[in-house]
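So the chains spell out like this:
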Amino acid sequence: MADARPQTASTAQATDPVHAWIMAGLLFLFMLINFSDRAVLGLAAVPIMQDLGLTHSQFGLIATSFFTLFSVGGVIGGFLVNRVASKWVLAALALIWSLCQLPMMLSVSVAALVVNRVTLGFGEGPAYPVALHAAYKWFPNERRAVPTSLIAIGALAGNGIAAPVVIAIVAAWSWHAAFGLLGAVGLIWCIAWLAIAREGPLAPDGLRSGEPTMRLSYRRLFSCRTVIGIQVVGFCAYWLLTLAVVWLPAFLIQAFGYTPVQTAWIMMLVSLSQIVLLPGVSTLSDELKRRGVPSRLACGSVACASTLAAGLIIILLARSEGALPIIVCTVIAFSLCNVMFVLGPVLIAEVTPVERRGAVLGVTNAITTLAGPLAPAVTGVVVDVGAHPADGVRIALLIAGGLAILGAFAGFVLIDPEADHARNPPDPQGETQPA
C-alpha cells in the first residue's frame, strides 16, 4: 500500500541515495550482460561463418533473427512492468538470457543458432526500457540523465569493453565457450539482483502519494510530437548501433584490414569514448534543465545534434583511407549515435504520466529497434553484391550515415516537450511545484 504521507520526488530520493546508486550500478551490470549476450555473435562472426559455411547474407539473416520477437517482447515487457514490480520482471529477463546461452556450449546447427537468437531477442526486447523505468523510481526528472547514461554505458560496455575478453575466449577455446561464459555470468547477476534490489520510493514524478495524476490515453501519448520525434531519431540512431554490434567487427577485419585483436581494441576504444562522452553530455543536460533551459534545447537539440554529427562522420568514414582516420571516425561516430538513447528516454519520461511510463518506454523502444532486423540484412546484401567486400562496406556506411542525417533533422522539428505539455496540461489537483 502506498505511503499516505506527503512525499515529493526529491524527498523520496533523499531517503536512501546510496541505495539509489547501488540500483543504478546493478542496472549498469544488467545492461552490460545484455549487450555482451547480443554482441557475442558479431564478435565471433568470422569463426562462426567459417565453421557453419555461411555467406555474409546468410550470417546477416541469422543476426536479423534476433529481432524477430524483439519488438514484441519490448511491448509486452513495457505493459507488464506497469502492473508487476520491475524487480521480478528484470530477474525473469536475465534468467531467460542465461538459460538461452548455456546450450550454445554444445555443437550446434544453423537452426539452433537461429532459435538461440530469436529467444534471446524476445528476452532482451524489454531490457533497456524496463531498466530505465526501475531507475526512474529512484531519481526525479531533473536528475535522471546521469543515471540513464550509466545504464546506457552498461549496454555499450557490453559491446566494447567485453570485446577483448570474448575474443580472447574465442581464440583460446571456441566461440561456444564464449556463449557459455556469458550464460553463467547472467545467472550470477540474477542471484545478486534478487538479494539486493527493491522498488524505488518515488511517488509519480514528484506528485504527493495518494493524489491523482494526469491521465492521458495511449492514443494521445503516441501522437505526441516529442514521442514521435524520439522514435524517428531513435530508429535512425539504432541502425548505426546495430551495425556496431553485428557488423563493425567484421567490417574492420575484412574491409579495413585489421586483425581480430586490433578490432577488439578499437571496439574497446569506442566504449571508452562513450564512458567519457555520455556522462558528460548527461551532466550538461541536467545542469541546463536545473538552470531553466527548456528541455527541447537541453535534451532534444543535444540528442539530435549528436545524431547529425554521427551521420556526417559515418559518411566521412566510408570515404576514409589510412589507419588513424578510420579509427578516429569509428570511435567518434559510434559514440555520438548513442546520445539519443540516453536523452530520449528522459524526454519520454518527462511527457508521460508515471502509470503509463513503462508501456510508452517499451513501445517506443520496440519501434526504435525495428531498425534492428533491417540493418543487418540490408547490410549483408549490400556487402555481398559489391564488387569487393570493402566496396560493399563503404556503400552500407553511406546508407547508414544518410539515414542518421535525415532522422536528426526530423527530430529538430518534432521534439518539443514544452509544446506537448501545453497541449496536454496536467491535472491541477496533481500539480506540485518543482522540488
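Chemist: Looking at this structure, I do not really get the overall build of the chain. What am I missing?
Modeler: On a plain count of helices and strands, the chain comes out with 21 helices and zero strands. Here the chain holds 435 residues, and 58% of them are scored as buried. In the chain, of all internal contacts separated by at least 6 residues, the share reaching a separation of at least 24 is 87%. Entry remark: accessible area of the chain is about 16,400 Å², with carbon and sulfur atoms responsible for 70%.

Chemist: Quick question: what am I supposed to make of the side chain of histidine 19 here?
Modeler: With respect to the helices and strands, the residue histidine 19 is situated in helix 2 (residues 17–43). Excluding residues that lie within four positions of it along the chain, histidine 19 makes contacts with Trp138, Ile196 and Arg198.

Chemist: Explain a nonpolar patch on the surface to me, please; I cannot follow it from the model alone.
Modeler: A grouping of Leu69, Val72, Ile76 and Phe122 is seen on the molecular surface, where their side chains present a nonpolar patch of about 300 Å² in accessible area. Inspection of the secondary structure assignment puts phenylalanine 122 in helix 7 (residues 110–124).

Chemist: Even after reading the chapter, I still don't get the nonpolar core, so can you show me in this structure?
Modeler: Looking at soluble globular proteins, one finds that nonpolar side chains tend to be buried together. Of all hydrophobic cores here, the largest spans 124 residues; its most connected members are Phe30, Met31, Ile48, Trp193 and Phe334. Sort the elements by how many residues they give to this core and helix 13 (residues 225–255) lands first, with 15 residues. Setting aside its immediate chain neighbours within four residues, phenylalanine 30 contacts Leu90, Leu93, Ala94, Trp97, Ala127, Ala131 and Trp189.

Chemist: Please clarify how the confidence of the model for the chain should be interpreted in this entry.
Modeler: Summarising the model, the chain shows a mean pLDDT of 79, and 87% of its residues fall at 70 or more. Averaged pLDDT values over the elements of the chain bottom out at 41 in helix 1 (residues 9–14) and peak at 91 in helix 15 (residues 295–318). Long-range and interchain partners of residues 1–14, a stretch whose pLDDT sits below 50, account for 26 contacts in this model, where long-range means more than four residues apart. Of the regions scoring below 50 in pLDDT, residues 427–435 engages in 16 contacts with residues more than four places distant in sequence or in other chains.

About the thresholds
- Throughout, residues of each chain are indexed from 1 in the direction in which the sequence is written.
- In keeping with the predicted nature of the model, local features appear solely for residues at pLDDT of at least 70, side-chain atom pairs appear and are counted solely at 80 or more, and the whole-chain, interface and lining totals rest on all residues.
- Note that water and hydrogens are dropped before the side-chain values are worked out from all heavy atoms of the structure.
- The way it works is that DSSP assigns letters per residue, a run of H or I at least four long becomes a helix, a run of E at least two long becomes a strand, and they are numbered from the N terminus.
- Working definition: with a 1.4 Å probe on protein chains only, accessible area under 20% of the residue-type maximum means buried, over 50% means exposed, and in between means partly exposed.
- The contact criterion used throughout is that any non-hydrogen atoms of two residues lie within 4.5 Å.
- Each accessible area is a Shrake-Rupley estimate made with a 1.4 Å probe; only the visible protein chains count as cover when residues are assessed.
- Patch membership needs two things, relative accessible area over 30% and no salt bridge, and members are linked within 9 Å if like-charged or within 5 Å if nonpolar (Val, Leu, Ile, Met, Phe, Trp, Tyr).
- Each reported salt bridge corresponds to a side-chain nitrogen of Lys or Arg within 4 Å of a carboxyl oxygen of Asp or Glu.
- Only buried residues count toward a nonpolar core. Its members are Ala, Val, Leu, Ile, Met, Phe, Trp, Tyr and Cys residues joined through side-chain atoms within 4.5 Å.
- Scored between 0 and 100, pLDDT is the confidence that the predictor attaches to each residue.

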